[in-house]
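Fold and contact review
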Amino acid sequence: MRLICNLFGHNFEVSRNVTYHVKEYKCSHCNKELTTNGNGNLIALTPKYREINSILSRIHTKRQSKLNREELHRTYKMTS
Ligand SMILES: [Zn+2]
């Protein structure tokens, strides 16, 4: 399978959305993984970055649910 990548290049697909700006990518042929770093560059997804991403993802999800709660609260206030 790696031969295909050597000949035609990797075929990266988004494997995980970490935040709006940070995503993880996986090559559908050889399973090579990349991620976006803080500067928006693509780099190899090392265990260290995987850990950073899972922390980022947690913070992002928490922030999202907090925003949703506030939105709900505002909507509730407007209708009551
Ligand atoms: Zn590949």
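Quantities reported herein were computed from a predicted structural model and do not represent experimental measurements.

Rules behind the numbers
- Residues numbered from 1 in each chain as written.
- Predicted model: local features only at pLDDT ≥ 70, side-chain atom pairs only at ≥ 80, totals over all residues.
- Helix = DSSP H or I, 4+ residues; strand = E, 2+ residues; numbered from the N terminus.
- Rg over C-alpha atoms; globule rule 2.2 N^0.38 Å.
- Buried ≥ 20, exposed ≤ 12 C-beta atoms within 10 Å, placed from the backbone.
- Contact = placed C-beta atoms within 7 Å.
- Pairing = 2+ DSSP bridges.
- Axes fitted to C-alpha atoms, helices over the stretch in contact; angles between N-to-C directions.

A look at the overall build of the protein
Regarding its fold elements, the protein presents two helices and four strands. Ordered by position in the sequence, the α and β elements of the protein form the string α-β-β-β-β-α. Its C-alpha atoms give the protein a radius of gyration of 18 Å, more than 25% over the compact-globule value 12 Å for 80 residues. Seen along its three principal axes, the alpha-carbon backbone of the protein occupies a region of about 65 × 25 × 20 Å. For the protein, the residues scored as buried account for 5% of the 80 residues in total. The long-range share in the protein, meaning contacts at least 24 apart out of those at least 6 apart in sequence, stands at 24%.

What to know about the sheet that holds strand 1 (residues 12–17)
The strand order across the open sheet built from four strands is 1-2-3-4, with neighbouring strands paired in antiparallel fashion. Two strands lie at the open edges of the sheet, namely strand 1 and strand 4 (42–44), each paired on one side alone. This sheet shows a mean twist of 35° between the axes of neighbouring strands, independent of strand direction. For strand 1 and strand 2 (residues 23–27), the ladder comprises five bridges, and the chain directions are antiparallel. Bridged to Val14 within strand 2 is Tyr25.

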